[in-house]
Amino acid sequence: MKRREKILGASLGSCVHVAGIQRFLRMCAEEGYETRFLGPAISPRALVEAIEAHRPEIVAISYRLTPEVAERLFAELKELLSARGLTGLRFVFGGTPPVAEVAKRSGLFERVFSGLEPIEEVWAYIKGGLAEAEEEEAPPQDLVSRIKWHYPYPLIRHHFGRPTLAETIAGAREIAEAGVLDVLSIGPDQNAQESFFRPQEMDPEQDGAGGVPLRKPEDLEAIYEATRCGNYPLVRCYSGTRDLLKWAEMSLRTIKNAWAAIPLCWYSVLDGRSDRDLTEAITEHQQVIRWYAQKGLPVEVNEAHQWSLRDAHDPLAVAMAFLAAYNAKRLGVHHYVAQYMFNTPPGTSPAMDLAKMLAKLELIEGLHDEGFTTFREVRAGLASMPSDFAMAKGHLAASATISMALKPHILHVVGYSEGHHAITAAELIESCKIAHGAVRDALLGLPDMALDPAVWQRKNELISEARVLLEAIKALGEGESEDPWADPRVLARAIERGLLDAPHFRGHRYARGAVVTRIIDGACYAIDPSSGRPLTEAERLERIGLGRKG
C-alpha cells in the first residue's frame, strides 16, 4: 500500500479561526494521511521554519480575515520559500470567498476552497487529488461506482427540463459547472413521453408542457454534451409512457442513461398516460426491465408512491413497494434503486412517514442476496411543496433531514419552486445547496428516529398489514399462475377487483375506487365510511369479497 503523505496545517498571520483547518485535517487523517497542526496565528516565517523541521509533502493553510492582509502574507510566504530553496511542496488553502479569490491569484496553491463547495468535492480532493497530484479527473461515470465513491454522502439528483431545448441545454451546462448535483434527470414534455416515436400524433400546442420538447435523438445528445464539464454529473431520462423499449435503447445510446425508472402498473389506462390496458402495460414494463437487467444496468420501479399520490392507504403502498422490487429481482436486476417518497399523501406526519418508509425498506431489503442489492433513494413529495418560496425552502430542508434517517445512497431533491413553476437552472442550484446544508448537518449525527416507540409500532403494523394484502394477491392467482406476484394478468385483476385500490379511482373504468381513506394521527388508513373507524386489511378485503374466505 502506498504511504500517505505528511500534511502540515496552520492558520496564517493573526488568524485564530481553526475550525475549518481542523476539520480538513481530520478528514485527511481518516483517509490515512499523517497530519500535524501548528495552531492559530502562525507567521509566514514560523510556518517556513516548521516546514524545514517536519518536511511535509503538503501544507494546508487557512485564513479568514482581511483579503488585503492575506495578499501581503501570501507574498511574504512565497518570498521566504524561495529564499530557503523550498521547492516541490504542494499548498492547499481554505478561507472565506473574498480571501479565496486572493489565494487563487497568488499562484501559491494547487487547490483553493472557499466554503461554497459541496463537502463531497473536498472529500474527492482528499481521496484523489492529494494522493496523486494529477490533473483533475471526472468523477465515476456509472451509478454503482459513483455511489461507492460518495457514500455515506448521498448522490444529489434533480430533474430538469425547460420549455425550450436551447434553454435546457444552457441550463444543463450551468448546473454541471456549479457542481452541486451528481445526477441530472432530463424531463421531456408530455408530447415526447407519449409520442416521441409517433410524431404525427403530437399536439403542437402542447410543446414544452411539463418538460423539454425533445424531438430527435440529437436533442438528448446535445443536453448530455452540455453536462461534460464541472463535476460531470450522470445523466438519465424519464422512460417515456409508451414505446418504452425504444426509449431505453435511445437513452442508453445518447446519454448513457445512468439507470432506468419504469413503473409496474402505471403509464396505462390506470393513469391515462397511455391507452394500453393494464395487462399489456405491465407486460411491456416487465420486458423493458428485463432488457435493462440483461445490459447490467440499475433499475428503479417507481410504483409505490404513485398509489400514495392517489391517497392510497399506507399498507397498500408498502405492499406495492415490495412487489416492485420483487418483480425487478425476478426479471434479473442486480442493482435496484428503491425510491422512498416522503410527504405523501399530504398530511402524513414525519413520524408516520418514517414508519412507512422503514416498513418498505425492511420488506425490500429482505430480498437481498448475492445477486440482488438495493440503493435507497429518498425524496420529498412533489405535491407537498408549498407555493410560498420561503416556506418551500424550509420544507425542502426539513424533508431532507428526516429522510437522512434512511441513510440514503441518493437524495432526489425537489426544488423549492416546483409548487409554483418548472424550476430554472439558478433555482435548481440553490435548491441543491439547501439540500447539501441539511445533509452536512445530518451526517454529523442524527438521533435514531427509528427507535421512537410510535415509529417502531407503526412500522411493524404496516409490515403485518402489507403481508395480508400480498397473500390475498397470491391467492387471487392460485391454480392459474406459477408466480402471481409477477403475473401481469393477476396484478391487473387485483386492480380491477379492488385488492389494489385508491380513492382517486372512484368512477374509473378500470379500477374499483371503493376504498375510503383518511389521515388519522399522521398516518393514512382505510376507513369505514359510515363511522370513520380504521379498517384492518383483513376487514377491508372481506368487505369487497376477497378476504381469506372469499
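Further up the page is the structure itself.
Just so it is clear, the structure is predicted and the values come from calculations on it, not from any experiment.

Draft legend 1. Fine view of the side chain of Ser185. Inspection of the secondary structure puts Ser185 in strand S7 (residues 183–186). With relative accessibility at 0%, the residue Ser185 sits in the buried group. In this structure Ser185 touches Arg157, His158, His159, Phe160 and Arg236, once residues within four positions along its chain are discounted.

Draft legend 2. Geometry of unusual backbone geometry. Of note, the amide linkage connecting Tyr151 to Pro152 takes the cis form, showing an omega dihedral of 15°. Residue position: Pro152 is located in the loop between helix H6 (143–150) and strand S6 (155–160). In this structure, Pro345 follows Thr344 across a cis peptide bond, with omega equal to -5°. With respect to the helices and strands, Pro345 occurs in the loop between strand S11 (335–341) and helix H14 (350–365).

Draft legend 3. Highlighting the environment of His159. Relative to the assigned elements, His159 resides in strand S6. Separated by 253 residues in the primary sequence, His159 and His412 place their C-alpha atoms 8.3 Å from one another. Other than its neighbours up to four places away in sequence, His159 contacts Ser185, Tyr238, His412, Glu418, Ile423 and Leu428. Of note is the side chain of His159, whose polar atom sits 2.6 Å from the side chain of Glu418.

Draft legend 4. Summary view of the packing of aromatic side chains. For the structure on display, the rule yields 17 aromatic pairs. Through a chain of ring-to-ring contacts, the aromatic side chains of Phe74, Phe91, Phe93 and Phe109 assemble into a single cluster. Just above the ring of Tyr525 sits the side chain of Arg458; from NZ or CZ to the centre is 4.4 Å.

Draft legend 5. Region of the structure containing the nonpolar core. The biggest cluster of nonpolar side chains holds 134 residues, and the ones touching the most others in it are Trp307 and Ile473. The dominant element in this core, judged by the number of residues it contributes, is helix H13 (residues 314–330), at 11 residues. Sequence-distant contacts of Ile473, defined by excluding residues within four places in its chain, comprise Leu323, Pro484, Trp485, Val490, Leu491, Ala494, Leu499 and Leu500. Judged by nonpolar contacts, the second largest core, of 28 residues, contains Leu12, Leu47, Ala50 and Tyr63.

Draft legend 6. Broad picture of the environment of Ala392. Considering the arrangement of structural elements, one finds Ala392 in helix H15 (residues 389–403). We classify Ala392 as buried; its relative accessible area is 0%. For the pair Ala392 and Val414, spaced 22 residues apart in the sequence, the C-alpha separation amounts to 9.8 Å. With residues near it in sequence (within four places) discarded, Ala392 still touches Met385, Pro386 and Tyr416.

Draft legend 7. Layout of the sheet that holds strand S13 (residues 410–412). What the eight strands build is an open sheet, ordered S8-S7-S6-S13-S12-S11-S10-S9; its pairing is parallel. The open sheet is flanked by strand S8 (234–237) and strand S9 (260–261), the only strands paired with a single partner. Summarising the sheet, S6 and S13 pair through three bridges and their orientation is parallel. Pairing of Leu155 across the sheet is with Ile410, part of S13. Strands in contact with H6 are S6, S8, S11, strand S12 (373–379) and S13; relative to S6, the strand with the most contacts, it is inclined by about 130°.

Draft legend 8. The pattern of salt bridges, seen in detail. Under the criterion given, the structure shown has 26 salt bridges. Residue Glu201 is joined to Arg242 by a salt bridge in which the shortest nitrogen-to-oxygen separation is 2.1 Å. Of the two residues, Glu201 is situated in the loop between helix H8 (190–195) and helix H9 (217–226) and Arg242 in the loop between S8 and helix H10 (244–255); the sequence distance between them amounts to 41 residues. The partly exposed category is assigned to Glu201, whose relative accessible area is 41%. When its relative accessible area of 8% is taken as the criterion, Arg242 is described as buried. Residues participating in the shared-partner salt-bridge network are Asp314, Lys356, Arg458 and Glu461.

Draft legend 9. Spotlight on the pairing of S11. For S11, a buried count of six out of seven residues is recorded, marking the element as mostly surrounded by other parts of the structure. As paired elements, strand S10 (residues 299–300) and S11 share two bridges and run parallel to each other. Counterpart to Glu300 in the pairing with S11 is Val337. Pairing of S11 with S12, which is carried by seven bridges, proceeds in the parallel orientation. Bridge pairing in S12 links Ala338 to Arg376. With H14 bridging S11 and the parallel S12, this β-α-β connection has right-handed handedness.

Draft legend 10. Spotlight on the packing of H15 against helix H16 (residues 425–443). Running from N to C, H15 and H16 point in directions that differ by 45°, and their axes come no closer than 8 Å. Taken together, H15 and H16 sit at an angle that is classed as oblique. H16 is crossed by H15, and the crossing has right-handed handedness. Of the residues in H16, those touching H15 at Phe389, Lys393, Leu396, Ala397, Ala400 and Thr401 are Glu427, Glu430, Ser431, Ile434, Ala435 and Ala438. Looking at the contact of H15 with H16, its residues break down into seven nonpolar, two polar and three charged.

Draft legend 11. Just the environment of Val455, in detail. Structurally, Val455 is set in helix H17 (residues 453–476). C-alpha of Val455 to C-alpha of Leu358: the two residues are 97 residues apart in sequence and 8.8 Å apart in space. When near neighbours in sequence (up to four residues on either side) are disregarded, Val455 contacts Ala351, Leu354, Ala355, Leu358, Met449 and Ala450.

Draft legend 12. Examining the pairing of strand S2 (residues 34–37) more closely. Here strand S1 (residues 6–11) pairs with S2 via four bridges, running parallel. The residue bridging Gly9 from the neighbouring strand is Phe37, located in S2. With helix H1 (residues 19–30) bridging S1 and the parallel S2, this β-α-β connection has right-handed handedness.

Draft legend 13. Structural context of the side chain of Glu465. Among the secondary structure elements, Glu465 is positioned in helix H17. The charged side chain of Glu465 is buried without a salt bridge, its nearest counter-charge being Arg458 at 6.9 Å. A distance of 2.7 Å separates a polar atom in the side chain of Glu465 from the backbone nitrogen of Glu537. If we ignore the near neighbours within four places in the chain, the residues touching Glu465 are Pro315, Leu535, Thr536 and Glu537.

Thresholds, definitions, all that
- Residues numbered from 1 in each chain as written.
- Predicted model: local features only at pLDDT ≥ 70, side-chain atom pairs only at ≥ 80, totals over all residues.
- Heavy atoms only, no water.
- Helix = DSSP H or I, 4+ residues; strand = E, 2+ residues; numbered from the N terminus.
- Buried < 20%, exposed > 50% of the residue type's maximum accessible area, 1.4 Å probe, protein only.
- Contact = heavy atoms within 4.5 Å.
- Polar contact = N/O pair within 3.5 Å; in protein donor to acceptor, adjacent residues only side chain to side chain.
- Phe/Tyr/Trp six-rings, centres within 6.5 Å; stacked < 30°, edge-to-face > 60°.
- Lys NZ or Arg CZ within 6 Å of the ring centre and 35° of its normal.
- Core = buried A, V, L, I, M, F, W, Y, C linked by side-chain atoms within 4.5 Å.
- Pairing = 2+ DSSP bridges.
- Axes fitted to C-alpha atoms, helices over the stretch in contact; angles between N-to-C directions.
- Salt bridge = Lys/Arg side-chain N within 4 Å of Asp/Glu carboxyl O.
- Right-handed = clockwise from strand over helix to strand, strands pointing away.
- Parallel < 35°, antiparallel > 145°, perpendicular 65-115°, else oblique.
- Left-handed = near helix turned anticlockwise from the far one by under 90°.
- Nonpolar A, V, L, I, M, F, W, Y, C, P; charged D, E, K, R; others polar.
- Lys, Arg positive; Asp, Glu negative; His and termini not counted.

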